[in-house]
Amino acid sequence: GNRMDATAPNSDSDFISLALKHGNYRVERTVLNEERLEEVTHRKDYNETHPSLTKKLKDSLRLKRCALSGFPVLYWLPKYSLWDYGMPDLISGISVGIMHLPQGMTLLVSCMAYALLASLPPVFGLYSSLYPPLIYLFFGTSRHISIGTFTVLSIMVGSVTETLAPDTAFIINNGTNMTTEVNNTARDLYRVQVAAATTVLSGLIQVVLGMVKFGFVGTYLAEPLVRAYTTAAAVHAVIGQIKYIFGISPTRFSGPLSLVYTFGHICSLLPQTHLPTLVVSAVSILCLVAAKELNAFLRPKLPVPIPVELITIVSATLISSYTHLSSNYTIPVVGEIPSGLSSPCMPDVSLFRQVIGDAFALAIVGYAISISLGKTFALKHGYKVDSNQELLALGLCNMVGGFFKCFAVCPSMSRSIIQESTGGKTQMASLASAVIVLVTIMKLGPLFQELPKAVLASIVLVNLKSMFKQCSDIVTLWRRSKIDLMIWLVTLVSTLLLNLDMGLAASIAFALLSVIFRTQMPTYSILGNIQGTEIYVDIETHDQAREIPGITIFHSSATVYFANADLYLEALKEKVCSVIWDFYLKGGGDPENMSLGWLSELQEGDTTTLGSSSEDTLSQDLEKVSLGSLGKWTWDIHSIILDLSSANFIDTVAIKTVRNIFQDFSEIDVDIYLAGCQTSVVTQLEKGGFFSGSITKQQLFVTVHDAVLFCHNNHGARTFTQYEPFLVCN
């Protein structure tokens, strides 16, 4: 029976304390196969642990549960304490709002800059930082993230708007001087429709995915993939902003290699650079870089960072206003910024078919950023973020925002960090900051009508520096993981060459293929025992591991399924052949006098007797042996244990392969046992018809050591005369 050693204390806590003190322990119990384990543990039936579909539907349709899960605000708002949470949230909200007073203007500028990335009029960047946070207040589960415009999503929206509404589609003739020009009003109006339709469709995709519990989709965006994707998006942003930096009007291409074509056209237009615009851009970039470096140097000594962007835009606006840069030097400026809020309107659903690919990419990338940031704060503050509800909340932010002409949003890292660091406890902090943002938008927007667009583009370029620093990942990944490096490089190249939507799809596909490749090429090994323990490790990588005479323990580092089942069988044959050779080479027999007449049939149907003393020839011939024709073993191996502890599932192909292994080795009087099977694997074996009269659960063991002990008892102690593992038997 299961019992502790006699020297152990009576209570579990005393035993654990003693074990920790002396650094060792001893447990005595019966050898457990799967049949005995089920008797001891009373394993539940499959139907008991897996409710029927009808029951799941009934549970999901309960009104109270739906109401609470759909509106997380109902969880915490009734319990909201003005004393415990009210003041911290108010202070945090004011702090975030005051951040918007440098950022009231900095937000205006950043939102206008992000609108510039999205190829939209600046005011629509302001709308995108107002409405979505209010929606998230009711539906989100994170207490600290701050929803708003984000660089990568703005770039992705800009790619869509410029593809479907290029400048060349809005060329009109100037009847005064017989020249052509772009109808900016018509172009911007159509781009707003494209952005709104893309955002609404993106939100709809997120809502649907959230309702069907597809929140795990974000896990397919591995960190190397996300970092490479954002780096490539930064390159797209730079190409998109160069026209404002140099004052040129390049053609925007679409489709694969469009970035290459656009860059080539930009290079051809460089001789036409507008020098006053270039001067403004150069001065702005130099000032921003110098100020940011000074800010970083003085950061330990400053209570708050220097508002670099604020100083830059105020200075640029004042200089532009007093020197009339727009009229005297034809430098493009922001222009009219409405001070009011627009009324909601229905997006153009006819555009959905054209933007569905981009909308899906926006949905996945935005959600990945949201859930990663939300989980970071949740882990820090000890609460849980519901991935499916987050997907639903972000989708509603985009859907509702799209009706108010917002473009796609996700959490802003800078605003989220400030909201958290200033003591925000709930999303009420976002409500307080939204009020201040609203006042700022209503009153301060018109002050920036004379701000040069080149300054906004310069702010965007300088702020992209951190994304380009991610290129150092190449060196890090080269040292740590070549496969992750390949994912990083493939993501970067595919996103640059195929654009943001197709590049994302290609990157995810490659990342998944890399997982399949790794499961197809696992490490196969023969395990040996560490003397005096129940531990079994690879004999090729551990000097102290010793094979147990008469028993071969075969291990795969990956689960066995249809993609690697044949490889598993081939590796098992190869390892068995190596055991044969080792036996004769290390004293079990004489290779020179070894006649293999009993290896009567080869896989190709030939009949061969191997009398050669060549080690290479012998090894090659042994690899050709088919298991069904080995005849009687002439060495002392009676059992093979298949260690399946690494398997988390098993499919019908693998079940058939393992069944064939049992049958083939039984023909040559070698017993096969399975060890380390998880409950889910056992269940799948049952459902797959694996067990029969010849294969029972008595051949499945809880651990490798249980299987070894059973083989020892079943075949006698004679097999352990040369090497005694750590055995505990009753």
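Residues numbered from 1 in each chain as written. Predicted model: local features only at pLDDT ≥ 70, side-chain atom pairs only at ≥ 80, totals over all residues. Heavy atoms only, no water.

Under an unreviewed UniProt entry, the name given to the protein chain is Solute carrier family 26 member 6, like, and the organism recorded is Neogobius melanostomus. UniProt's Subcellular location (unreviewed entry) comment on the protein chain is quoted here verbatim: "Membrane". (UniProt positions renumbered as here; feature names shortened; annotations may be inferred.)

**Student:** In this structure, what is going on with the pairing of strand β7 (residues 524-530)? I would like to understand it.
**Tutor:** Every other side chain in a regular strand lies on the same face of the sheet, so the side chains alternate between the two faces. Here β7 lies mainly inside the structure; six of its seven residues are buried. Where β7 and strand β10 (residues 551-556) come together, four bridges link them in antiparallel fashion. Bridging from a neighbouring strand, Ile 526 pairs with Phe 554 of β10. Two successive antiparallel strands, β7 and strand β8 (residues 536-538), enclose a turn made up of five residues, where Gly 532 displays a positive phi of approximately 85°. Judged from the two bridges that link them, β7 and strand β9 (residues 545-546) form a sheet pairing that is antiparallel. Within β9, the residue paired with Ile 530 across the bridge is Ala 545. (Buried < 20%, exposed > 50% of the residue type's maximum accessible area, 1.4 Å probe, protein only. Helix = DSSP H or I, 4+ residues; strand = E, 2+ residues; numbered from the N terminus. Pairing = 2+ DSSP bridges.)

**Student:** What is the right way to look at the packing of aromatic side chains in this model?
**Tutor:** For any pair of aromatic rings, geometry is given as the distance between the ring centres together with the angle between the planes. For the structure shown, the criterion picks out 16 aromatic pairs. On the numbers, 5.2 Å between centres and 70° between planes, the contact of Phe 554 with Tyr 568 is edge-to-face. Linking Phe 554 in strand β10 with Tyr 568 in helix α26 (residues 565-588), this pair joins segments that are 14 residues apart in sequence. What makes Phe 554 buried here is its relative accessible area of 0%. Look at Tyr 568 and you get buried, because its relative accessible area is 1%. (Phe/Tyr/Trp six-rings, centres within 6.5 Å; stacked < 30°, edge-to-face > 60°.)

**Student:** For this particular structure, what's the right way to read unusual backbone geometry?
**Tutor:** When glycine is set aside, most residues are seen to have a negative phi, and most peptide bonds are trans. The backbone of Leu 257 sits at a positive phi, close to 65°, despite the residue not being glycine. Locating Leu 257 in the fold gives a position in the loop between α13 (223-246) and α14 (258-269). Located in the positive-phi region is Thr 330, a residue other than glycine, with phi close to 50°. Looking at the element boundaries, Thr 330 is found in the loop between α17 (325-329) and α18 (352-381). Residue classification places Thr 330 among the exposed residues on the basis of a relative accessible area of 53%.

**Student:** It is not clear to me how the pattern of salt bridges should be interpreted in this structure. Could you clarify?
**Tutor:** Where side chains of opposite charge bring their charged atoms close, a pairing between them can arise. Tallied over the full model, the rule gives eleven salt bridges. For Lys 465, the salt bridge goes to Glu 293, with nearest N and O atoms at 3.3 Å. Highlighted residues: Lys 465 in helix α23 (residues 465-468) and Glu 293 in helix α15 (residues 275-298), separated in sequence by 172 residues. Taking the relative accessible area as the measure of exposure, Lys 465 reaches 37% and is therefore partly exposed. Residue Glu 293 is classed as partly exposed on the basis of its relative accessible area, which comes to 44%. (Salt bridge = Lys/Arg side-chain N within 4 Å of Asp/Glu carboxyl O.)

**Student:** Mind showing me how you'd approach the side chain of Thr 491 here?
**Tutor:** If you trace the backbone, Thr 491 turns up in helix α25 (residues 482-520). A relative accessible area of 0% means that Thr 491 is categorised as buried. Every residue in contact with Thr 491, bar those within four places of it in the chain, is listed here: Leu 225, Ala 228, Tyr 229 and Ser 507. (Contact = heavy atoms within 4.5 Å.)

**Student:** Is there a simple way to explain the environment of Ser 268 in this structure?
**Tutor:** Structurally, Ser 268 is set in helix α14. On the accessibility criterion, Ser 268 (44% relative accessible area) is partly exposed. For the pair Ser 268 and Pro 250, spaced 18 residues apart in sequence, the C-alpha to C-alpha distance is 9.0 Å. Among the polar contacts made by the side chain of Ser 268, one reaches the main-chain carbonyl oxygen of His 265 at a distance of 2.6 Å. (Polar contact = N/O pair within 3.5 Å; in protein donor to acceptor, adjacent residues only side chain to side chain.)

**Student:** I would appreciate a short explanation of the pairing of strand β11 (residues 639-643) in the present structure.
**Tutor:** Burial within β11 is extensive, with five of its five residues counted as buried. Burial of the side chains of β11 extends over both faces: Ser 639, Ile 641 and Asp 643 are buried on one face and Ile 640 and Leu 642 on the other. Pairing analysis gives five bridges linking β10 to β11, with the strands arranged parallel. Opposite Ile 553, over in β11, you have Ile 641 as the bridge partner. Bridge analysis of β11 against strand β12 (residues 671-675) gives five bridges, and the strand direction is parallel. Bridge assignment links Ser 639 to a residue of β12, and that residue is Asp 671. For the segment spanning β11, helix α28 (residues 652-666) and β12, crossover handedness is right-handed. (Right-handed = clockwise from strand over helix to strand, strands pointing away.)

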